[in-house]
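Structural overview for review
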Number of protein chains: 2
Amino acid sequence: MSNRKVIAIDSMGGDNAPVAILKGLGQISESGVHFLIYGNESVLSQHKLYLKQVSYEIRHTDAVVSSEMDVMSLLKVGKNSSMGQAIQAVKSGEAMAVVSAGNTGLYMALAKIVLKTINGIDRPAIASILPGKCGRTVCLDLGANAECSVRNLTDFAILGEALARVVFSKENVSIALLNIGSENAKGNRLVKQTSEFLKQVMPNYVGFVEGNDITKGNVDVIVTDGFSGNVFLKTIEGTAKYIVSELKDALASSLMSRIGALLSLPALNQLKKKMDPRLYNGAILLGLNGVVVKSHGGTDDVGFANAVRFTMNVLSSNMFARINDQLEKCKPHFEIEEKL
Amino acid sequence: MSNRKVIAIDSMGGDNAPVAILKGLGQISESGVHFLIYGNESVLSQHKLYLKQVSYEIRHTDAVVSSEMDVMSLLKVGKNSSMGQAIQAVKSGEAMAVVSAGNTGLYMALAKIVLKTINGIDRPAIASILPGKCGRTVCLDLGANAECSVRNLTDFAILGEALARVVFSKENVSIALLNIGSENAKGNRLVKQTSEFLKQVMPNYVGFVEGNDITKGNVDVIVTDGFSGNVFLKTIEGTAKYIVSELKDALASSLMSRIGALLSLPALNQLKKKMDPRLYNGAILLGLNGVVVKSHGGTDDVGFANAVRFTMNVLSSNMFARINDQLEKCKPHFEIEEKL
């Protein structure tokens, strides 16, 4: 019982909620996990059949947030929504983590209000682990902070380093800053100043990388502001979709190529599986006092199940405690940085 | 003779200069074009055989710029370099356009000093026409301005609109602003303010698009600052390379898939041709008093030839004069904008 993972689930967030959420939970065959499912009980009870293999309890919530609300009412109502209550379960210690496919901005705002940021961290960031030719890369911030300071990017570098150490199971992880050229003179003031600072405080900082390095996987952590990060994340998604659709058209263009595609089908399907964005679903809101995982809003049951598995891995690896350890070790860095 | 296009070529710029440059020029079989080739005569004379089918003259230049130079000496020496002299040929009226694969920053700086910006334009931008599912999109700025103001982005919208009208041969082109969400509340101050302003002054402004819209081709023009623009351009490049390499690996993974790939080869080759980045080589430095085309620095002869063909198309379509016309029509916009 003591090793049982308890995960709070916001069942009402995302484009395909609650069906995709419950169907996704139904795919979690691992034992030792218990879900606290927050949402409208009468709606959820219609779909209980998906959950017959899993351990769960439903926690009824009434409040529904709407995009028409102003920020203040959004946050007020939000606290009582399925998302807000699921976050609250982490705060109270009932759950070890929370997963939602709901609105990112609201999720971040509520999580920040309820859980607070880790001591020494000014603003949390959204981090994801992206696949690349030579390996995976922890990328952050992917959209939480459209406007960043040197201090913010430094926080992200420290958080990203800690996450990468756990995820990649090694101590020496390389950290890079996204820029538009590898020379020192390139880029805007923000990246130039941050680079100078990181050189002083982070021994594992390796300098600038560019957009084409993201899918190379030649560094462990790529740090950027939330505007550029969100742009490149969505650009990768769009480019992959475009190429795959062009490939499908090409393979369907003649009888010969259709026969060829048929023969290559097992290999192509394996590639499709490897490249499936649902496989990489699950971003983490890093820098908060709790494990807060965000599923893509448009994902289906398979994608949501992967976000839940990602959360379980985070809990298994004791990552959160290790991040805190790393932050403790990094405190001297923070102190130098405070002098900025 | 009067219709002959004279294009100044910087033969010493780019990773594979001068061989790739001269080989590229040798592939231009179209008649009615004459090249003024700037570079070291003794070096160039060794590779003259590539040029036997084309009309050209070599203009000797001695000066060589180096990345170790400080900005001032770089610009001073740069003016006498093959790049600087080629730009000068446009200024003097000897050439109608200039093409270089050299350093982008230096190219932009020299072109701005020598040719000056179009009256009413504060800073030039790098624009490229990117392929997408439903059509091509004019994207700018792709890296000239790492830091932008509302005024700069408005300039880019007007320049991009003019370019798209010519390239896509239609008057009503849709213009969008790159952001990290489509809602008004999303994004940083810069995009929010620019969006409000564009709504007032540009009837064809359609609002925000996101990173995954770039390869959809559902708008004609995407405007962004040079930092995000360069990031997404290089991200597209990197993602495409990554997927193609994974595809190759998958198709080579078994005997069956290798046979399948062989049968699909004509279709796959056609796709490869369609997706070849060398096909889209050729960005234009927009907002200058002259046609200034930038080839990718790492391109080969095929890519450089395409940059030259792009330049010839620009000259054929009389685009530059039409941009000036559009800017004339847009002057009232500028005047409103001046009040900002």
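Above this note sits the structure.
Residues numbered from 1 in each chain as written. Chains lettered and ligands numbered in written order. Predicted model: local features only at pLDDT ≥ 70, side-chain atom pairs only at ≥ 80, totals over all residues. Heavy atoms only, no water.

What follows is about the overall build of chain A. Helices and strands together make up the secondary structure of chain A, namely 11 helices and 11 strands. The C-alpha radius of gyration of chain A comes to 21 Å, within 12% of the 20 Å expected for a compact globule of 340 residues. Counting every position in chain A, which comprises 340 residues, the buried fraction comes to 57%. Long-range contacts, defined as pairs at least 24 residues apart, comprise 70% of the intrachain contacts of chain A with a sequence gap of at least 6. Counting every atom, chain A has about 14400 Å² of accessible surface; 53% of that belongs to carbon and sulfur. Averaging the coordinates of the 36 positive side-chain charges in chain A and doing the same for the 32 negative ones gives two points 4 Å apart. (Helix = DSSP H or I, 4+ residues; strand = E, 2+ residues; numbered from the N terminus. Rg over C-alpha atoms; globule rule 2.2 N^0.38 Å. Buried < 20%, exposed > 50% of the residue type's maximum accessible area, 1.4 Å probe, protein only. Contact = heavy atoms within 4.5 Å. Areas by Shrake-Rupley, 256 points an atom, 1.4 Å probe, with all protein chains shown as cover. Lys, Arg positive; Asp, Glu negative; His and termini not counted. Charge placed at Lys NZ, Arg CZ, Asp CG, Glu CD.)

Take the environment of Asn152(A) next. All names here are of chain A. One can find Asn 152 in helix 6 (residues 150-167). In the structure, Asn 152 is positioned 72 residues away from Thr 224 in sequence and 9.6 Å away in space, judged by C-alpha atoms. Setting aside anything within four residues of it in sequence, one finds Asn 152 in contact with Asp 122, Arg 123 and Glu 147.

So, on to the sheet that holds strand 5 (residues 125-130) of chain A. Residues and elements named next belong to chain A. The 11 strands lie next to each other as 3-2-1-4-11-10-5-6-9-7-8, forming an open sheet whose pairing is mixed. Strands at the two margins of the open sheet, each flanked by one partner only, are strand 3 (55-60) and strand 8 (205-209). Across the sheet, the mean angle from the axis of one strand to that of its neighbour is 25°, orientation sign disregarded. Across four bridges, the pairing between strand 7 (residues 175-178) and strand 8 is parallel. (Pairing = 2+ DSSP bridges. Axes fitted to C-alpha atoms, helices over the stretch in contact; angles between N-to-C directions.)

A cis geometry characterises the amide bond from Leu140(A) onward to Asp141(A), with omega recorded as 0°. By secondary structure assignment, the location of Asp141(A) is in the loop between strand 6 (137-140) and helix 6. The linkage connecting Ala17(B) with the following residue, Pro18(B), adopts the cis geometry, with an omega of -5°. Mapping Pro18(B) onto the fold places it in the loop between strand 1 (5-10) and helix 1 (19-26). Positive phi values are uncommon outside glycine, yet Ser169(A) reaches one of about 50°. The topology assignment puts Ser169(A) in the loop between helix 6 and strand 7.

By a simple turn and slide, chain B fits onto chain A: the slide is 0.0 Å along the axis, the RMSD is 0.0 Å, and the turn is 180°. Taken together, the rotation and translation describe the operation of a two-fold axis. Taking the C-alpha atom as reference, chain B places Gly260(B) closest to the rotation axis, 1.8 Å from it. Comparing interface residues between copies, 100% of those in chain B also sit at the interface in chain A, which points to an isologous, same-surface contact. (Least-squares fit on C-alpha atoms with pLDDT ≥ 70 in both.)

Here we take up the side chain of Ser128(A). Summarising the element assignment, Ser128(A) is placed in strand 5. Once residues lying within four places of it in the same chain are set aside, the contact partners of Ser128(A) are Thr137(A), Val138(A), Cys139(A), Leu142(A), Tyr280(A), Gly282(A) and Ala283(A).

With 54 residues of chain B at the contact, the number on the chain A side is 54 residues. When residues of chain B are sorted by the area they lose upon contact with chain A, Ile180(B), Phe227(B) and Tyr242(B) head the list and together hold 15% of the total. Linking chain B to chain A there are eight salt bridges. Remark: the boundary between chain B and chain A carries 18 residue pairs in polar contact (both at pLDDT 80 or more). Elements supplying a minimum of two residues to the side of chain B that touches chain A: helix 7 (189-201), helix 8 (226-251) and helix 9 (255-275) of chain B. No other element matches helix 8 of chain B, which puts 21 residues into the side of chain B that touches chain A. Grouping the constituent residues of the side of chain B that touches chain A by class yields 24 nonpolar, 20 polar and 10 charged. (Buried area = accessible area lost by both parts, 1.4 Å probe. Salt bridge = Lys/Arg side-chain N within 4 Å of Asp/Glu carboxyl O. Polar contact = N/O pair within 3.5 Å; in protein donor to acceptor, adjacent residues only side chain to side chain. Nonpolar A, V, L, I, M, F, W, Y, C, P; charged D, E, K, R; others polar.)

This part covers the pattern of salt bridges. A complete count under the given rule lists 28 salt bridges over all chains for this structure. The partner of Arg189(A) in a salt bridge is Glu147(B), with the nearest N and O atoms 3.5 Å apart. You can see Arg189(A) sitting in helix 7 (residues 189-201) and its partner Glu147(B) sitting in the loop between strand 6 (137-140) and helix 6 (150-167), one on each of two chains. Since its relative accessible area comes to 54%, Arg189(A) is described here as exposed. Asp249(A) is paired through a salt bridge with Lys133(B); the nearest N and O atoms lie 3.0 Å apart. Placement of the pair is Asp249(A) in helix 8 (residues 226-251) and Lys133(B) in the loop between strand 5 (125-130) and strand 6, with the two residues belonging to separate chains. Judged by its relative accessible area of 37%, Lys133(B) falls in the partly exposed class. Salt bridges sharing common partners tie together Glu57(A), Arg59(A) and Glu94(A).

By themselves, these are just geometric observations and shouldn't be taken as functional.
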